[in-house]
Amino acid sequence: MKHYIILILLLAVVLLFGQTKPSDAKSVNYETHNAGLLSLNVYNIGSLSNLHNPYDGMNLMSQSGQWISAKKYRRNNLNQLLYWLSPIPGPGNDQMVTVTDPLWNPNLLVVTDTLSTVAYDGDC
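Sequence positions are assigned chain by chain, starting from 1 and proceeding in written order. Whole-chain, interface and lining totals are the exception, using all residues; otherwise, since this is a predicted model, local features are given only for residues with pLDDT of at least 70 and side-chain atom pairs are given and counted only at 80 or more. Where side-chain values are given, they derive from all heavy atoms of the structure, hydrogens and water being excluded.

## Re the packing of aromatic side chains
Phase 1: Aromatic pairing here means that ring centres of Phe, Tyr or Trp (its six-membered ring) are within 6.5 Å. Orientation follows from the plane angle: under 30 degrees is stacked, over 60 is edge-to-face, and everything else is tilted. If you walk through the whole model with that rule in mind, you get 1 aromatic pair.
Phase 2: With a centroid separation of 5.8 Å and 70° between ring planes, the pair formed by Tyr83 and Trp104 is classed as edge-to-face. Residue Tyr83 is found in strand E6 (residues 83-84), and its partner Trp104 is found in the loop between strand E7 (96-97) and strand E8 (112-118); the two are separated by 21 residues along the sequence.
Phase 3: Burial classes: relative accessible area under 20% of the type maximum marks a residue as buried, over 50% as exposed, and values in between as partly exposed (1.4 Å probe, protein chains only). The exposure class assigned to Tyr83 is buried, which follows from its relative accessible area of 11%.
Phase 4: Exposure remark for Trp104: the relative accessible area of 27% places this residue in the partly exposed category. Runs of E in the DSSP output that reach at least two residues are strands. Runs of H or I that reach at least four are helices, and both are numbered from the N terminus.

Next comes the structure, spelled out in structure tokens:
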């Protein structure tokens, strides 16, 4: 019985003092990087600002961000891949078919969508 009481007290002490401090994960922080004649502020939200030459005060960039892009195959409601019927799709010749369509052949190109975003879009 004495071992259980000591174990419970030890567990309570560990739980009370073992908690971590709340982090500043949601706060915006930045570091200034100096390389040669250039100075750049880099933020933890993926944006860059104030690229300038500290010696002559010339500002080369005011705000910028990281581009994030991906390509994704377009699918229909049945989760089937879509293919361009025309070798050069455009306005007027933008028909798409699936593998089950009688007009499909192995030479058709898969329809791909390009998804892009930037960390800073200038609307702030």
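Moving on from the model shown.
## As for the pattern of salt bridges
Phase 1: Salt bridge criterion: a side-chain nitrogen from Lys or Arg within 4 Å of a carboxyl oxygen from Asp or Glu. On inspection of all chains with the given rule, the structure shows 1 salt bridge.
Phase 2: Here Arg74 makes a salt bridge to Asp113, at a shortest N to O gap of 2.6 Å. On the criterion of sequence distance, the pair formed by Arg74 in the loop between strand E5 (67-73) and E6 and Asp113 in strand E8 is long-range, its members being 39 residues apart.
Phase 3: Assessed through its relative accessible area of 24%, Asp113 is described here as partly exposed.

## Remarks on the side chain of Asn41
Phase 1: Structurally, the position occupied by Asn41 is in strand E2 (residues 38-43).
Phase 2: According to the relative accessible area criterion, Asn41 is buried, its value standing at 11%.
Phase 3: Whenever two N or O atoms come within 3.5 Å, that pair is a polar contact, provided that in protein one can donate a hydrogen and the other can accept it, and provided that, for residues adjacent in sequence, both atoms are side-chain atoms. Within the local environment of Asn41, its side chain forms a polar contact with the side chain of Thr32, the two groups lying 2.7 Å apart.
Phase 4: Not counting the four nearest positions on each side in its chain, Asn41 is found in contact with Tyr30, Glu31, Thr32, Ser47, Leu48, Ser49 and Asn50. Working rule for contacts: check all heavy atoms of both residues, and any pair within 4.5 Å makes them a contact.

## Here's the deal with a nonpolar patch on the surface
Phase 1: Note that patches include only residues with greater than 30% relative accessible area and no salt bridge, and the join distances are 9 Å for like charges and 5 Å for nonpolar side chains (Val, Leu, Ile, Met, Phe, Trp, Tyr). We get accessible surface area from the Shrake-Rupley algorithm with a probe of 1.4 Å; when it comes to residues, only the shown protein chains can shield them. On the surface, Met1, Tyr4, Ile5, Leu7 and Leu9 cluster together to form a nonpolar patch covering roughly 620 Å² of accessible area.
Phase 2: Inspection of the secondary structure assignment puts Ile5 in helix H1 (residues 2-17).

## Quick look at the sheet that holds strand E3 (residues 47-53)
Phase 1: The strand order across the open sheet formed by 4 strands is E1-E2-E3-E4, and the pairing between neighbours is antiparallel. Where the open sheet ends on each side, the last strands, each with one partner, are strand E1 (30-35) and strand E4 (58-65). Ignoring which end each strand starts from, the neighbouring axes of this sheet average 15° apart. For two strands to pair, DSSP has to find at least two bridges joining them. Fitting a line to C-alpha atoms yields each axis, with helices limited to the stretch in contact; the angle taken between N-to-C directions then spans 0 to 180 degrees.

## As for the side chain of Ser39
Phase 1: By secondary structure assignment, the location of Ser39 is in strand E2.
Phase 2: Classification of Ser39 as buried rests on a relative accessible area of 7%.
Phase 3: Reaching out from Ser39, the side chain makes a polar contact with the side chain of Asn34 at a distance of 3.1 Å.
Phase 4: Ignoring anything within four residues of it in the chain, the contact list for Ser39 reads Thr32, His33, Asn34, Asn50, Leu51, His52 and Pro54.

## Thoughts on unusual backbone geometry
Across the chain, the bulk of peptide bonds are trans and the bulk of non-glycine residues have phi less than zero.
Phase 1: With a phi angle near 65°, Asn79 is a residue other than glycine that sits in the positive phi range.
Phase 2: By secondary structure assignment, the location of Asn79 is in the loop between E5 and E6.
Phase 3: Accessibility expressed as a relative area gives 53% for Asn79, which makes it exposed.

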